Amino acid sequence: MGLPSLFFVLLAILPLSSSSSSSSSTSDHKTFIVQVQHDAKPSIFPTHAHWYDSTLSSLSSSSSGSPSPGPTRVLHTYSTVFHGFSAKLSPSEALRIRSLPHVLALIPEQVRRVHTTRSPQFLGLKTGDSAGLLKESDFGSDLVIGVIDTGIWPERQSFNDRDLGPVPSKWKGECVAGKAFPSTSCNRKLIGARYFSNGYEATNGKMNETTQFRSPRDSDGHGTHTSSIAAGRYVFPASTLGYARGVAAGMAPKARFAAYKVCWDSGCYDSDILAAFDAAVADGVDVISLSVGGVVVPYYLDAIAIGAFGAEEAGVFVSASAGNGGPGGLTVTNVAPWVTTVGAGTIDRDFPADVKLGNGKMIPGVSIYGGPGLTPGRMYPLIYAGSEGGDGYSSSLCMEGSLDPSLVKGKIVLCDRGINLRTAKGEVVKKAGGVGMILANGVFDGEGLVADCHVLPATAVGALGGDEIRKYIEVASKSKSPPTATVIFRGTRLGVRPAPVVASFSARGPNPVSPEILKPDVIAPGLNILAAWPDNVGPSGVASDKRKTEFNILSGTSMACPHVSGLAALLKAAHPEWSPAAVRSALMTTAYTVDNRGETMLDESSGNTSTVMDYGAGHVHPQKAMDPGLIYDLNSYDYVDFLCNSNYTANNIQVVTRKKADCSRAKRAGHSGNLNYPSLSVAFQQYGKPKMSTHFIRMVTNVGDPQSVYRVSVRPPRGVSVTVQPEKLAFRRIGQKLNFLVRVEVRAVKLSPGGSSMRSGSVIWSDGKHTVTSPLVVTLQQPL
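These figures come from a predicted structure and were not determined experimentally. (Residues numbered from 1 in each chain as written. Predicted model: local features only at pLDDT ≥ 70, side-chain atom pairs only at ≥ 80, totals over all residues. Heavy atoms only, no water.)

### Overview of the pairing of strand β22 (residues 412–416)
Reasoning step 1: Within β22, five of the five residues are buried, which leaves the element mostly enclosed by the surrounding structure.
Reasoning step 2: Here β22 shows no split at all, with I412, L414 and D416 on one side and V413 and C415 on the other all buried.
Reasoning step 3: Looking at chain direction, strand β21 (residues 380–384) and β22 are connected through three bridges and run parallel. Residue L382 lies in a different strand from β22, and its bridge partner there is I412.
Reasoning step 4: Sheet topology note: the β22/strand β23 (residues 436–440) ladder contains five bridges and is parallel. Paired with V413 across the two strands is M437, which belongs to β23.
Reasoning step 5: For the handedness criterion, the β-α-β arrangement of β22, helix α12 (residues 422–431) and β23 is classed as right-handed. (Buried < 20%, exposed > 50% of the residue type's maximum accessible area, 1.4 Å probe, protein only. Helix = DSSP H or I, 4+ residues; strand = E, 2+ residues; numbered from the N terminus. Pairing = 2+ DSSP bridges. Right-handed = clockwise from strand over helix to strand, strands pointing away.)

### Looking at the side chain of N334
Reasoning step 1: By the secondary structure assignment, N334 is in the loop between β15 (317–321) and β16 (340–345).
Reasoning step 2: Within the structure, the side chain of N334 is placed 2.9 Å from the backbone oxygen of S321, a separation counted as a polar contact.
Reasoning step 3: Discounting chain neighbours no more than four positions away, the residues touching N334 are H115, V292, G293, I304, A320, S321, V339 and T341. (Polar contact = N/O pair within 3.5 Å; in protein donor to acceptor, adjacent residues only side chain to side chain. Contact = heavy atoms within 4.5 Å.)

### Points about the sheet that holds strand β14 (residues 292–293)
Reasoning step 1: Strand order in the open sheet made by the four strands is β11-β12-β5-β14, with antiparallel pairing throughout. A strand with exactly one partner marks an edge of an open sheet, and here the two such strands are β11 (263–264) and β14.
Reasoning step 2: This element, helix α8 (residues 270–283), spans β5 (111–114), β11, β12 (267–269) and β14 of the sheet and lies at about 65 degrees to β12. (Axes fitted to C-alpha atoms, helices over the stretch in contact; angles between N-to-C directions.)

### Notes on the packing of helix α9 (residues 303–313) against helix α19 (residues 650–657)
Reasoning step 1: The N-to-C vectors of α9 and α19 enclose an angle of 65 degrees; their axes lie 8 Å apart at closest approach. Contacts between α9 and α19 involve I306, F309 and E313 from the first element and V655, V656 and T657 from the second.

### Remarks on the sheet that holds strand β1 (residues 30–36)
Reasoning step 1: Reading across from one edge, β2-β3-β1-β4 is the order of the four strands in this open sheet, with antiparallel pairing throughout. Two strands close off the open sheet at either side, each with one partner strand: β2 (74–78) and β4 (103–108). Within this sheet the neighbouring strands show an average axis-to-axis angle of 25 degrees, counted without direction.
Reasoning step 2: Along the sheet face, α8 touches β1, β2, β3 (84–89) and β4 and points at about 30 degrees away from the line of β2.
Reasoning step 3: This element, α19, spans β1 and β4 of the sheet and lies at about 75 degrees to β4.

### Let's talk about the nonpolar core
Reasoning step 1: Formed by 112 residues in total, the largest nonpolar core has its most connected members in I145, Y260, F277, I288, Y299, W338 and L587.
Reasoning step 2: Top element by residues in this core is α8. It accounts for eight residues.
Reasoning step 3: Residues A248, F351, A385 and A458 belong to the second largest nonpolar core, which totals 29 residues. (Core = buried A, V, L, I, M, F, W, Y, C linked by side-chain atoms within 4.5 Å.)

### Focus on the pattern of salt bridges
Reasoning step 1: One pass over the structure, following the stated rule, counts 32 salt bridges.
Reasoning step 2: A salt bridge links D350 to R493; its shortest N-O distance comes to 2.6 Å. Within this pair, whereas D350 is found in strand β17 (residues 349–350), its partner R493 is found in strand β26 (residues 493–494), the two being separated by 143 residues in sequence.
Reasoning step 3: Under the relative-accessibility criterion, D350 is labelled buried at 14%.
Reasoning step 4: The class of R493 is partly exposed, set by a relative accessible area of 43%.
Reasoning step 5: Across the pair D603 and R508 runs a salt bridge, and its minimum N-O distance is 3.1 Å. Placement of the pair is D603 in the loop between α15 (580–589) and α16 (612–615) and R508 in the loop between β26 and β27 (522–525), with a sequence separation of 95 residues.
Reasoning step 6: Put simply, E201, K206, E209 and R214 are held in one network by salt bridges that share partners. (Salt bridge = Lys/Arg side-chain N within 4 Å of Asp/Glu carboxyl O.)

Honestly, that's just the spatial picture; any functional story needs more than this.
Right under this line is the structure:
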């Protein structure tokens with residue numbers, strides 16, 4: 001059997017030692033996910049697990065006869081979204097396993113990280129909504145959302161099961177007991193809970209059970225927070241340290257949910273994540289919510305993309321966070337076209353906490369500090385940590401042990417953002433005797449502000465504000481009146497304009513794997529979101545913070561993703577026949593790109609107008625998604641064609657799809673941009689051609705009114721010629737499908753080598769009642 005390109009990847013990742021015996025030290029063992037041909041199991045083995053164990057035990061004695069460092073054991077077996085197992089292997093074991101005829105691939109494990117109210121109301125979901133989304137879906141009471149995250153704190157009021165009917169009969173999951181988590185922890189709301197730690201422990205050794213729970217219980221807070229955003233019940237009154245008072249509610253308050261804990265103190269390991277996907281789909285979830293991500297790799301090396309493909313094929317909608325690598329370009333993660341990728345926007349609420357300087361100037365900031373404040377009317381001495389002796393770099397960042405108490409005592413300290421946790425900087429200042437902190441953004445963060453539950457009076461200011469404060473300190477230090485400041489906490493402000501704004505941290509396109517698929521798909525609320533929080537973690541997340549709060553305010557695309565997961569559950573409840581692609585299409589084609597001033601949404605980091613690379617199709621609009629008129633549907637064969645046209649080998653496609661790929665159909669599809677996606681994107685390489693052109697073929701399915709006529713209008717990108725044929729689509733019945741063709745032609749522009757120019761427009765179909773909008777993106781690139 002010829003070894004495919006993955007073999008060379010394997011060699012690059014696992015350098016061979018001079019001795020190829022498997023008696024090499026366990027430090028060079030790495031975890032691999034091994035994919036096998038599912039139908040190749042010899043009949044002598046009663047189960048696949050026995051077969052995998054036998055395969056591994058045959059490796060345990062090395063070819064030279066020297067003893068192995070202990071038997072290699074199976075970490076997880078996979079049988080639903082993937083066929084195979086994971087194990088920790090030495091380089092020589094990995095090569096021997098790869099050479100077995102029934103082994104399709106070895107996928108090196110990656111470590112992922114989590115992507116760390118008024119949002120239902122801001123989205124237009126209200127409890128007294130008589131005709132809207134919540135009413136029609138009975139709040140999604142038979143739908144199950146699987147949350148793959150850090151676990152759950154089941155006692156929160158957000159997870160009570162009052163007035164909920166019996167657990168849906170289709171449910172096959174269980175409530176796995178463990179430390180501080182009896183099997184009675186589940187109820188008719190939290191209907192399942194599992195934990196997966198074998199991958200984590202294979203790399204990190206035995207878990208420290210004094211700091212984390214060997215059970216589904218959450219010792220971090222992230223999973224409890226994301227679960228309650230997706231499916232939390234109505235809780236009143238809700239607030240964090242007195243901020244954001246009101247009703248807390250998830251997107252789908254009556255939906256059931258199940259917790260799949262895969263994230264531990266050093267991250268979330270691929271072998272555990274894939275096991276959670278496998279279990280969730282077998283258990284019977286309808287939606288998977290994943291606020292976790294890592295390095296972008298080709299789909300056949302990406303356990304999340306592989307697990308999500310299997311889930312999508314089983315009819316499960318997968319939403320994933322875009323990542324917090326913004327505002328730079330090419331930072332978006334979780335980019336597979338069968339995953340709905342969610343960026344973050346602001347809502348119309350903030351928490352102003354302004355800095356007043358000794359020269360009378362006010363610098364705007366934000367904070368959710370809830371303890372005893374600074375004395376009203378009093379000005380405090382102000383210093384910049386970076387200019388006070390010692391190692392200027394670490395003290396400027398207020399790193400642990402970097403501040404001199406004799407210089408800090410009784411003062412407000414300006415710290416730069418970066419490296420350590422924002423709230424940990426406050427703890428460093430407090431330990432050194434400081435009375436307050438101002439946290440200044442760096443140039444890269446721009447003007448994007450995140451409110452935190454600080455452990456001392458503190459606020460966060462933008463890069464420009466930070467520059468102004470530093471300049472004031474420098475000038476005042478040389479004058480007769482030394483620098484002073486105070487922080488004025490103004491509580492919760494509602495009705496903020498403009499909103500939404502694309503959050504500074506939200507990861508941006510273009511898509512680094514498939515530029516012809518625009519990512520992120522949509523944005524949703526992700527800045528300063530109030531949701532449930534465990535008892536054992538202080539709201540700042542700092543170990544010394546012993547405050548307890550039922551709710552906490554967090555920011556991140558981690559918070560945006562479960563908003564879309566909950567909305568998907570509502571849409572699936574209202575339209576049980578819709579595929580995951582149909583749900584995504586409804587969310588994308590009805591999204592909006594204007595803010596509450598009626599202008600194009602702004603980019604928080606720069607204050608300038610944002611683009612499709614920041615928000616994708618736009619900000620989700622739940623009511624309109626309920627009745628989109630037309631949808632762009634997809635099935636697993638369409639994705640196979642897409643992979644064929646993306647020049648993946650037959651073996652690589654089989655790794656993702658678990659099927660032998662037939663790429664003859666794909667040639668008819670033309671090119672990978674013809675995947676029936678709700679957005680249209682093309683990247684042209686300018687090889688000295690004066691003109692470049694392409695076409696897109698799309699098929700829409702009528703889900704609106706039986707007799708309806710849609711007419712097209714085009715907003716072409718600047719300098720691009722766009723024609724659509726036909727210009728009219730006449731539907732006679734619901735479920736009818738019609739095709740159209742979009743031709744795009746553009747003239748070359750002057751660009752420096754390696755440079756690119758992105759222009760965007762849209763293709764809009766309307767029948768007078770529904771408006772179905774697709775972003776159209778044309779990128780010109782000058783080769784190096």
